[in-house]
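Descriptive structure summary
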Amino acid sequence: MDRLVSHPAEKGIPEKLLTEHLAGVSEKMLSALNRLRLSPKIISKEELTELAGIIGIFHDIGKATPHFQRYIHKEIRSSAMTRHSFISAALAFQITIEKGYDILWAIMIFKIILHHHGNLEAFKLQDSWPANLAIAKDQWPHLKKSLQTNLDTWLFERVGSKCPNAINWEGISEALEFFVSDQPNHLAADEDRIAYYLLFNLLYSLLLNADKLDAARFKDAYYQGNFCLLYTSDAADEEDSV
């Protein structure tokens, strides 16, 4: 089994394993979500929790490619093949569809993961998405081999799904074409659009918060002493309970 890393060692802080990061982000998202008193009519709390778990576990799954691993160990320079957001989003899209959720939820999860290193912009996609799709297709055989070799059992234990044998690239392409050419207003009833919008932004916010907290490793003395924020005893207690 390969030692897959998500974040390199720095300033005396040890490297972080990919499984530790994905599990940590998922757990932080679920902990925050479970503290909210939500009862949306467009989706059950149990289903929303499952989707949050998928987002957390798959948001950086593209880092399992050998190209990214060589990059993070400074063996090669950054290139198209070391990118991870689009391929991670594509795999999460596939898993969401396989679990029986409709296309709207799948594309929302795709967008949330795709933009978790940047800004969330409604449903508009950049003009470069066809090129990114082509890169993801090239990355997929390498990612599939890595996941099936190293993380199949781990994935099944956490989200009830192993690495799929194939990604429906045509389905993803058609979905993205649709969302570029025709805003998906008719997929949701008028009275439900605000709920979708709010849950879309909620899941995105939960991911950003959990990802930054986990990557920063606030429990370590180095980060607690060097981040300009009020890390109160209450916040520390909440972090310990995750």
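A brief look at the structure comes next. This one's a predicted model, so the numbers in the text were calculated from it and none came from an experiment.

Rules behind the numbers
Residue indices begin from 1 for each chain and proceed along its sequence in written order. A pLDDT threshold of at least 70 governs which residues receive local features in this predicted model, and a stricter bar of 80 or more applies before side-chain atom pairs are shown or counted, although totals over entire chains, interfaces and linings include all residues. Values shown for side chains rest on all heavy atoms present in the structure; no hydrogens or waters enter the calculation. We define the nonpolar core as a collection of buried residues of types Ala, Val, Leu, Ile, Met, Phe, Trp, Tyr and Cys that are connected through side-chain atoms lying within 4.5 Å of one another. To sort residues, take the accessible area from a 1.4 Å probe on protein chains only and compare it with the maximum for the residue type: under 20% means buried, over 50% means exposed, and anything in between is partly exposed. Helix and strand definitions here come from DSSP, where helices need a minimum of 4 consecutive H or I residues and strands a minimum of 2 consecutive E residues; each element is numbered from the N-terminal end. Only heavy atoms matter for contacts: two residues are in contact if any of them lie within 4.5 Å across the pair. Fitted lines through C-alpha atoms give the axes, limited to the stretch in contact for helices. The angle between two N-to-C directions lies from 0 to 180 degrees. By the definition adopted for this analysis, an angle is roughly parallel if under 35 degrees, roughly antiparallel if over 145, roughly perpendicular if from 65 to 115, and oblique otherwise. Note on residue categories: nonpolar means Ala, Val, Leu, Ile, Met, Phe, Trp, Tyr, Cys or Pro, charged means Asp, Glu, Lys or Arg, and polar means any other residue, Gly included. For a helix, the expected span equals 1.5 Å multiplied by the number of residues minus one. Contacts described as polar in this section are N or O atom pairs within 3.5 Å, which, within protein, must combine one atom able to donate a hydrogen with one able to accept it, while residues neighboring in sequence count only if both atoms come from side chains. By definition, any crossing whose near helix is turned counterclockwise from its far helix by less than a right angle is left-handed, and any crossing with a clockwise turn is right-handed.

Focus on the nonpolar core
Core analysis: the largest hydrophobic core is formed by 65 residues, its most contacted members being Phe 58, Leu 91, Trp 105, Phe 110, Trp 169 and Ile 172. For this core, the secondary structure elements donating two or more residues are helix H1 (18-34), helix H2 (45-58), helix H4 (85-98), helix H5 (103-114), helix H6 (129-150), helix H7 (152-159), helix H8 (169-181) and helix H9 (193-216). Here this core takes 10 residues from H5, the largest share from any one element. Residues within four places of Phe 58 in sequence aside, it is in contact with Ser 88, Leu 91, Ala 92, Ile 95, Ile 113, Leu 155 and Val 159.

Comments concerning the packing of H4 against H6
For any two helices packed against each other, the geometry comes down to the angle between their axes and how far apart the axes lie. The N-to-C vectors of H4 and H6 enclose an angle of 75°; their axes lie 8 Å apart at closest approach. By the angle between their directions, the pair H4 and H6 is classed as roughly perpendicular. Contacts between H4 and H6 involve Phe 86, Ile 87 and Leu 91 from the first element and Trp 129, Asn 132, Leu 133, Ala 136, Gln 139, Trp 140, Leu 143 and Leu 147 from the second. Partitioning the contact of H4 with H6 into residue classes produces nine nonpolar, two polar and no charged.

Describing H2
Along its 14 residues, H2 runs 20 Å from first to last C-alpha, staying within 8% of the 20 Å computed at 1.5 Å per residue. Against the buried residues of H2 lie H1, H4, H5, H7 and H9.

Focus on the side chain of Asp 60
The residue Asp 60 is located in the loop between H2 and helix H3 (66-72) in this model. Accessibility expressed as a relative area gives 1% for Asp 60, which makes it buried. A polar side-chain atom of Asp 60 sits 3.2 Å from a polar atom in the side chain of His 116. Sequence-distant contacts of Asp 60, that is, excluding residues within four places in its chain, are made with Leu 18, His 21, Leu 22, His 84, Ser 88, His 116, His 117 and Asp 211.

Notes on the packing of H1 against H9
Two numbers describe how H1 lies on H9: the axes approach to 8 Å, and their chain directions differ by 130°. The orientation of H1 relative to H9 falls into the category oblique. By crossing handedness, the relation of H1 to H9 is classed as right-handed. Of the residues in H9, those touching H1 at Glu 20, His 21, Gly 24, Val 25, Lys 28, Met 29, Ala 32 and Leu 33 are Leu 202, Leu 203, Leu 206, Leu 207, Ala 210, Asp 211, Leu 213, Asp 214 and Ala 215. Per-class residue counts for the contact of H1 with H9 are 11 nonpolar, two polar and four charged.

Thoughts on the environment of Lys 162
As for its position among the elements, Lys 162 is in the loop between H7 and H8. Judged by relative accessible area, Lys 162 falls into the partly exposed class, the value being 45%. Separated by 67 residues in the primary sequence, Lys 162 and Ile 95 place their C-alpha atoms 9.1 Å from one another. In this structure Lys 162 touches Ile 95, Asp 152 and Phe 156, once residues within four positions along its chain are discounted.

Focus: unusual backbone geometry
Despite not being glycine, Lys 74 has its phi angle at roughly 60°, a positive value. Position of Lys 74 among the secondary structure elements: in the loop between H3 and H4.

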